[in-house]
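# Fold and geometry: a report
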Amino acid sequence: MGFRCGIVGLPNVGKSTLFNALLRTQAAQAANYPFCTIEPNVGRVAVPDPRLAALARISKSEKTLATQIEFVDIAGLVRGASKGEGLGNKFLANIREVDAVAHVLRCFVDGDITHVEGEIDPDRDAEIVETELMLADLDSLERRAAQAEKRARGGDAEAKAALPLMEQALAALRDGKAARTCPAAKAEPEKFKQLQLLTALPVLYVANVSEADAATGNAFSAAVARRAAKEGAAHVVIAAAIEAEISLLAEDSERAEYLASLGLEEAGLDRLVRAGYALLDLVTFLTTGPKETRAWTIPRGMRAQDAAGTIHTDISRGFIAAEVIPFADFIAAGGEAQAKAQGKMRLEGRDYIVQDGDVVLFRFNV
């Protein structure tokens, strides 16, 4: 099961620099001119999870596999993108394919890097991108709603069911609000998601600050925090330039020393990845043994039988039961056998809701 987070923003805000660091590659071009990214760059990165190392040590696992989240670097949007300005339409289509949006906002001053709007104002920049996404949604949805209305009059059940959702979204958009703010977005999330609206996607604001402000933030990043709080969105403060430097260091000890010299406890990218993971409301269950210790990504609220299917469809099809040991109990006991002996293992059925940190062994028969 893949989860994709699109990285969006105006040109020259540090998106591609951040993406390069994220992947520890130079796959995406980073240059001081708009539209340097011509195709969306895609990469999967591990979600930091110290529980894996702890389990692997106890199980003496040969390998450790983290769960992953996919990031898509999408070229910078500008005013008029919804009408095809710049490379707008092409990249608006790419955004429709992601599950959430990481919106990078420039919160640093650098006379050598031009800003398409002439001055630094992250709140205005956020408004520009959000407006273009709303206009694109409005244009698309008005056409689709007209078609759905015709089909509904002809007795099409699917169109009849979709129309009320479309009408709610249109009302919000015409009022200058994102589609995610309308009641149907929360009342019927799965059906609403099928409308594939850009402004229905959850947003994570990324305040890109200078190296000097990495530890404390600045007035610009404070404005981003206020915006996120007002919208009920998430936000992180990152210095993309620092992340680019960290990505070139091969050893963990080197990275830790470099971060410490800047007054930072961890890399901003680790926080970004975890925030993106949380934004999508995902949880992790764990499997462990001599061959491997592995983290598995599932949506919060997933049943045990469905979670088994993320490992292999045969396990879901032949599901019998799930042996579940909470991570803390597994570690405290010193392993699976000891946890079972202490009565810490539970036998759960197909409808059990898998919890974050569950160490699971699925029993099945095909």
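Residues numbered from 1 in each chain as written. Predicted model: local features only at pLDDT ≥ 70, side-chain atom pairs only at ≥ 80, totals over all residues. Heavy atoms only, no water.

## Some details on the pairing of strand E5 (residues 100-106)
Quick note on the threshold: Think of it in three bands: with a 1.4 Å probe and only protein chains considered, a residue is buried below 20% of the maximum accessible area for its type, exposed above 50%, and partly exposed in between. In DSSP terms, a helix is any run of H or I states spanning at least four residues, a strand is any run of E spanning at least two, and both are numbered starting from the N terminus. One bridge is not enough; two strands pair if DSSP finds at least two bridges between them.
Of all the seven residues making up E5, seven are buried; the element is thus mostly covered by neighbouring parts of the structure. Of the two faces of E5, both are covered, the one formed by Ala100, Ala102, Val104 and Arg106 as well as the one formed by Val101, His103 and Leu105. Note: strand E1 (residues 4-8) against E5, four bridges, orientation parallel. Counted as the bridge partner of Val8 is His103 from E5. Relative to strand E6 (residues 203-208), E5 runs parallel, the two being bridged by six bridges. What sits directly across from Val101, in E6, is Val203.

## Section: the environment of Pro202
Within the element layout of this structure, Pro202 appears in the loop between helix H7 (189-193) and E6. Each C-alpha atom of the pair Pro202 and Ala100 lies 5.1 Å from the other, and the pair is 102 residues apart in sequence.

## Some words on the packing of helix H4 (residues 122-153) against helix H8 (residues 219-231)
The line we're drawing: Axis lines are fitted through C-alpha atoms, for helices just across the contact stretch, and the angle between N-to-C directions can take any value from 0 to 180 degrees. Oblique is the label for every angle not falling under 35 degrees (roughly parallel), over 145 degrees (roughly antiparallel), or within 65 to 115 degrees (roughly perpendicular). Between two residues, a contact is recorded if the distance between any of their heavy atoms is within 4.5 Å. The residue classification treats Ala, Val, Leu, Ile, Met, Phe, Trp, Tyr, Cys and Pro as nonpolar and Asp, Glu, Lys and Arg as charged. All others, Gly included, are polar.
Running from N to C, H4 and H8 cross one another at 45°; their axes reach a closest spacing of 9 Å. Taken together, the axes of H4 and H8 are oblique relative to one another. For the pair H4 and H8, contact is made by Pro122, Asp123, Ala126 and Glu127 and by Phe220, Val224 and Arg227, respectively. When the residues that make up the contact of H4 with H8 are grouped by side-chain class, the tally is four nonpolar, no polar and three charged.

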